[in-house]
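Examining the three-dimensional arrangement
So you can see what is in the structure, the chains are spelled out below.
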Amino acid sequence: MDGRRMTLRRAAVRGARGLLAAGAFGALLAGCGIRATEVPTDFGPAPSRVRCSLAEPEVSTQAVRGLPVQVFLLCGSSLVAVDRTVRVPDGAADARRVLVAQGLLDELSEEPPAAEREAGYTTRVRRGTTVSGPRPGDPEDTLRLSTAPGSLPSSALAQVVCTFSDSAAAEGDGSVILGGPDDSRPRRYKCTDEVRSRPAEEPPSSEATEG
């Protein structure tokens, strides 16, 4: 009988020691800022910047002088408008229109700022691309590029068409008349919802009539 009591007493002591050890371990975890858990937890990857989403620009204490414009950049598989400012000197309406177009081309051909690149924005318009006004026999709103529109990558042409058609460089009807450096007839290109969502496809165009 005494032997059985001794065995039960030893078991109780071992159990008490186990509870004390578990409590001490839990207190140690709590002191380290770690919560004990029996279920593995997976919180997923760290959050990252949302693609094609830009933070609100900081308000400058000194206003930038120039003409507020929007240019279309590539982001993912679509075109996205971003704000820019171009400086255009005063002058006749026709000359001013070409100057606006050149300013837009310069903005399109510049590498996007770091914040835009981080968000996924790119451009396919090459540096050094220039634009001039109509030739004799062209419609008066024609803009002739230094590279034939048909030889541009479709995405670059889509950038130019949508940027020009939504600016003071065109008539404001969602289209723009473009020609190249040769004597080929200019064509009227349209910026449509399909072009903005699928710039890899060449924008629709038709032969421009005089006048």
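Before reading on, note that the structure itself is shown above.
Residues numbered from 1 in each chain as written. Predicted model: local features only at pLDDT ≥ 70, side-chain atom pairs only at ≥ 80, totals over all residues. Heavy atoms only, no water.

1. With respect to the sheet that holds strand E7 (residues 187-190)
Note on sheets: strands pair through backbone hydrogen bonds, and any given pair is parallel or antiparallel. One open sheet holds the 5 strands; their spatial order is E4-E5-E6-E7-E8, and the pairing between them is mixed. In the strand order of this sheet, the two ends are held by strand E4 (131-132) and strand E8 (205-207), each with one partner. One ladder, built from 2 bridges, connects E4 with strand E5 (residues 143-145); its direction is antiparallel. Within E5, the residue paired with Val131 across the bridge is Leu145. Running at roughly 125 degrees to strand E6 (residues 175-179), helix H4 (residues 154-165) makes contact with E5, E6 and E7 of the sheet. (Pairing = 2+ DSSP bridges. Helix = DSSP H or I, 4+ residues; strand = E, 2+ residues; numbered from the N terminus. Contact = heavy atoms within 4.5 Å. Axes fitted to C-alpha atoms, helices over the stretch in contact; angles between N-to-C directions.)

2. Digging into the sheet that holds strand E3 (residues 121-122)
Ordered in space as E2-E1-E3, the 3 strands form an open sheet in which the pairing is antiparallel. One side of each edge strand has no neighbouring strand; the edge strands of this open sheet are strand E2 (78-86) and E3. Here H4 sits on the sheet and contacts strand E1 (67-75), E2 and E3; the angle it forms with E1, its principal contact strand, is near 155 degrees.

3. Overview of the environment of Val88
Following the sequence through the fold, Val88 ends up in the loop between E2 and helix H2 (93-109). Residues Val88 and Ala101, spaced 13 residues apart in sequence, show a C-alpha to C-alpha distance of 9.9 Å. Those residues in contact with Val88, other than ones at most four positions away along the chain, are Arg96, Leu99 and Val100.

4. Quick look at the pairing of E2
When E1 meets E2, the two strands line up antiparallel, connected through 9 bridges. Note on E2: the bridge partner recorded for Leu67 is Val86. In this structure, the hairpin formed by E1 and E2 is closed by a connection of 2 residues, where Gly76 is found at a positive phi of approximately 65 degrees.

5. A short note on the state of the cysteines
Counted according to the given criterion, the structure contains 2 disulfides. A disulfide bridge connects Cys52 with Cys75, and the sulfur atoms are separated by 2.1 Å. Given an S-S torsion of about -105 degrees, the disulfide between Cys52 and Cys75 has left-handed geometry. Of the two residues, Cys52 is situated in the loop between helix H1 (2-31) and E1 and Cys75 in strand E1; the sequence distance between them amounts to 23 residues. Each sulfur of the disulfide joining Cys162 and Cys191 lies 2.1 Å from the other. Judged by the sign of its S-S torsion, about 95 degrees, the cystine formed by Cys162 and Cys191 is right-handed. Taken together, the positions of Cys162 in helix H4 and Cys191 in the loop between E7 and helix H5 (193-197) put the pair 29 residues apart, joining distant regions of the chain. Taken as a pair, Cys162 and Cys191 share a single burial class, namely buried. Here the protein pairs its bonded cysteines, counted in sequence order, in the arrangement 1-2, 3-4. (Disulfide = S-S within 2.5 Å. Buried < 20%, exposed > 50% of the residue type's maximum accessible area, 1.4 Å probe, protein only.)

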